[in-house]
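So you can see what is in the structure, the chains are spelled out below.
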Amino acid sequence: MPLNRCGATPGTMSSVEKPVPGYPEREQWTRQMDFIMSCVGFAVGLGNVWRFPYLCYKNGGGVFLIPYLIIGVVGGIPIFFLEIALGQFMKAGSINVWNIAPLFKGLGYASMVIVFFCNTYYIMVLAWAFYYFIKSFNATLPWSTCDNPWNTPSCIEIFHHEDCLNGTIGNTTYGNMTCEELADGRSPIIEFWENKVLNISQGLDYPGSINWELLLCLAAVWVMVYFCVWKGVKSTGKIVYFTATFPYVVLIILLVRGVTLPGAYDGIMFYIKPDWSKLGEVWIDAGTQIFFSYAIGLGALTALGSYNRFNNDCYKDAFMLALINSGTSFFAGFVVFAILGFMANEQGVDISQVAETGPGLAFIAYPKAVTLMPMPPVWAALFFFMLLVLGLDSQFVGVEGFVTGILDLFPGKYYMRYKREISVAICCLMCFIIDLSMVTQGGMYVFQLFDYYSASGMTLLWQAFWECIVVSWVYGADRFMDDIARMIGYRPFPWMKWCWSFITPCVCMGIFLFHLFNYKPLTYNNTYVYPWWGEVIGWCMALMSMLCIPVSVLYKLCRATGTFKEVSINIILCSLPTWVAASLAVRGLGQ
């Protein structure tokens, strides 16, 4: 059989005498269930519990499930499986795993940039939740009344909308306020959120002072994350048993309580009733939600997979985890809309007027809901503790993925005692320093800037597109299927190869281009428009990850010698079999 230019038989791997020197034996999960629970804890987060139900209600109820499931099958599951399998096969984090195609190692650096940004701003949601959790330990919830120092004269506890509609309220019925004035009133929960928690300023160019209470909550949450991650997967794998399961317990309790409330049936029907007229409009939201909720492109799934046993059946794991992820989203919708239906019934308004997304739903709608329940402080403490736990496991698994990628860059000869503990501390400290800008009066504007650009749908879609292209067309889809067969003992269904090669890249690039062509400037609450320099900062954050791929390719090509064809063969093909054979030799499978 002829040899290629690298001296290897086509379709086989070059043999090596010794494994890659200097790299210590990789840590493994104590039990396989540790890996499953860690993936559940990371992928199942705030996006599943609030963003999915909101998008479902916004895009025609049950009809949203059709494109959601289709894109999940052709895009979400294939890339989810690809990232876990790649980490398990290469036994490396999000950077070194791309040694299978050294020319495109920028993919690893891009995922590190994305997950670093995500770790930086995502923890603010946990700081807000911790703040609300502490404030829940009061006989009267501070966001339920209008007699607090942060309240304004426009604050109204009960709006009496039904009396205005019936014409029974007069100028003196409620604090000498007419119906027109009542319509302009503000709820105490909104004033608590904006005037007390955020103390929000006029805009991004007015940072204002630091909220010291919020700063202490932020520091406390980072300390929790540090001590969950500092000892590696041996400790992380145990903590997620609680953090991944406890939210389900609370969701079940909230569902049982929610369905017994008046108006819950109307809320649930509003959630699942399909509006077929919107079927052609929902595909973009469905695609971005899949990539968000499956945590694709962040490199953390690759890091978690790298701690698996080499022969673990990651193919079955991928399907099971995807089912848990999407099932949690669907289940959470019933909890959310049962309570929203109750709120709409109490306030005498349509459900569409009480459902908000993101922080608005988490920190406005739900705090209002608990004030309408018996024993509000108990429900408030339970809910915000769930919110804290739900985000905490996503946060420390994200930090774990980032630290794993960094440590993999340093072989064993650079061993230093407490190297991992120091690396985790530096990572947490860097993120904390950046977070200081988000606990100021203008912090919400900074938070939304990070959320919209740094780890947005565009950056994740760009990352997923190149992952598929590199694995299927540079490394080779058939070769990777053979590698998976070496691990799990059988070849996955060819559908995966077809998705990696054709379907998934087309879906990713199609949604990416639609986002690009329909780009709209960032706003806050649909009223404040970000200044031009704010958008420039946002695009710089997005390009910091997106440019890692082409810049690294150009850098390697410029550093190489010879013709373009020779460089391509040497960089893409020659170093690839050597690395993979060495990786297999580490596990006693080299030829």
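This structure is a prediction, so every number in the text was calculated from the model and none was measured.

Per the secondary structure count, the protein includes 23 helices and two strands. For the protein, the residues scored as buried account for 58% of the 591 residues in total. For the protein, the share of sequence-separated contacts (at least 6 apart) that also reach a separation of at least 24 residues comes to 83%. If you sum the accessible surface of the protein, you get close to 24,400 Å²; carbon and sulfur atoms cover 66% of it.

Right, let's get into unusual backbone geometry. Located in the positive-phi region is K91, a residue other than glycine, with phi close to 50 degrees. Mapping K91 onto the fold places it in the loop between α3 (65–90) and α4 (106–135). Look at K91 and you get buried, because its relative accessible area is 15%. Here the phi dihedral of M375 falls at roughly 50 degrees; this positive angle occurs in a residue that is not glycine. Within the fold, M375 resides in the loop between α15 (359–371) and α16 (376–407). The class for M375 is exposed, based on a relative accessible area of 58%.

UniProt records the feature "binding site: Na(+) 2" (unreviewed entry) for V44 in the present numbering. Here V44 shows up in the loop between α1 (32–43) and α2 (46–58). Here V44 is in contact with C39, Y248, N325, T328, L390 and S394, once residues within four sequence places are set aside.

Another point: the packing of α4 against helix α19 (residues 457–488). With their axes 11 Å apart at the nearest point, α4 and α19 run at an angle of 155 degrees to one another. The angle between α4 and α19 places the two elements in the roughly antiparallel class. Relative to α19, the crossing made by α4 is left-handed. Counted together, L107, A110, S111 and I114 of α4 and T459, L460, Q463, W466, E467 and V470 of α19 form the full contact between these two elements. Tallied by class, residues from the contact of α4 with α19 come to six nonpolar, three polar and one charged.

Here we take up the environment of T243. Considering the arrangement of structural elements, one finds T243 in helix α9 (residues 233–243). Considered as a pair, T243 and S38 are 205 residues apart in the sequence and their alpha carbons are 9.2 Å apart. Excluding residues that lie within four positions of it along the chain, T243 makes contacts with V389, D393 and F396.

So, on to the packing of aromatic side chains. The final tally for this structure, using the stated rule, is 53 aromatic pairs. Arranged with centres 6.5 Å apart and planes meeting at 40 degrees, the rings of Y121 and F450 form a pair that is tilted. Taken together, the residues span a long stretch of sequence, with Y121 in helix α4 and F450 in helix α18 (residues 443–454) at a distance of 329 residues. Comparing Y121 with F450, the two get one shared label, buried. Here Y445 and Y530 contribute two aromatic rings whose centre-to-centre distance is 6.2 Å and whose plane-to-plane angle is 75 degrees, an arrangement assigned as edge-to-face. Of the two residues, Y445 is situated in helix α18 and Y530 in the loop between β2 (528–529) and α21 (532–546); the sequence distance between them amounts to 85 residues. In this structure Y445 comes out as buried when scored by relative accessible area, which is 4%. Classification of Y530 by relative accessible area gives buried; the value is 4%. Above the ring of Y475, the side-chain terminus of R479 is found at 5.3 Å from the ring centroid.

Further remarks concern helix α11 (residues 264–272). Among the residues making up α11, those that are buried are A264, G267, I268 and Y271. The buried residues of α11 occupy an angular sector of 95 degrees when projected down its axis, which confines them to one face.

Moving on to a nonpolar patch on the surface. Among the surface-exposed residues, I66, I70, W276 and W283 lie close enough to one another that they form a single nonpolar patch of about 400 Å² accessible area. When you line up the elements, I66 lands in helix α3. A relative accessible area of 33% places I66 in the partly exposed class.

With that settled, the discussion passes to the confidence of the model for the protein. Overall, the predicted model of the protein reaches an average pLDDT of 80, with 80% of residues at or above 70. Between the elements of the protein, mean pLDDT differs from a low of 54, seen in helix α23 (residues 564–586), to a high of 93, seen in α21. Overall, residues 1–23 carries pLDDT values under 50, and its contacts beyond four positions in sequence, including any with other chains, amount to 40 contacts.

Rules used in this analysis
Residues numbered from 1 in each chain as written. Predicted model: local features only at pLDDT ≥ 70, side-chain atom pairs only at ≥ 80, totals over all residues. Heavy atoms only, no water. Helix = DSSP H or I, 4+ residues; strand = E, 2+ residues; numbered from the N terminus. Buried < 20%, exposed > 50% of the residue type's maximum accessible area, 1.4 Å probe, protein only. Contact = heavy atoms within 4.5 Å. Areas by Shrake-Rupley, 256 points an atom, 1.4 Å probe, with all protein chains shown as cover. UniProt positions renumbered as here; feature names shortened; annotations may be inferred. Axes fitted to C-alpha atoms, helices over the stretch in contact; angles between N-to-C directions. Parallel < 35°, antiparallel > 145°, perpendicular 65-115°, else oblique. Left-handed = near helix turned anticlockwise from the far one by under 90°. Nonpolar A, V, L, I, M, F, W, Y, C, P; charged D, E, K, R; others polar. Phe/Tyr/Trp six-rings, centres within 6.5 Å; stacked < 30°, edge-to-face > 60°. Lys NZ or Arg CZ within 6 Å of the ring centre and 35° of its normal. Arc of directions from axis to C-beta. Patch = residues over 30% accessible without salt bridge, like charges linked within 9 Å, V, L, I, M, F, W, Y side chains within 5 Å. Salt bridge = Lys/Arg side-chain N within 4 Å of Asp/Glu carboxyl O. pLDDT = per-residue confidence, 0-100.

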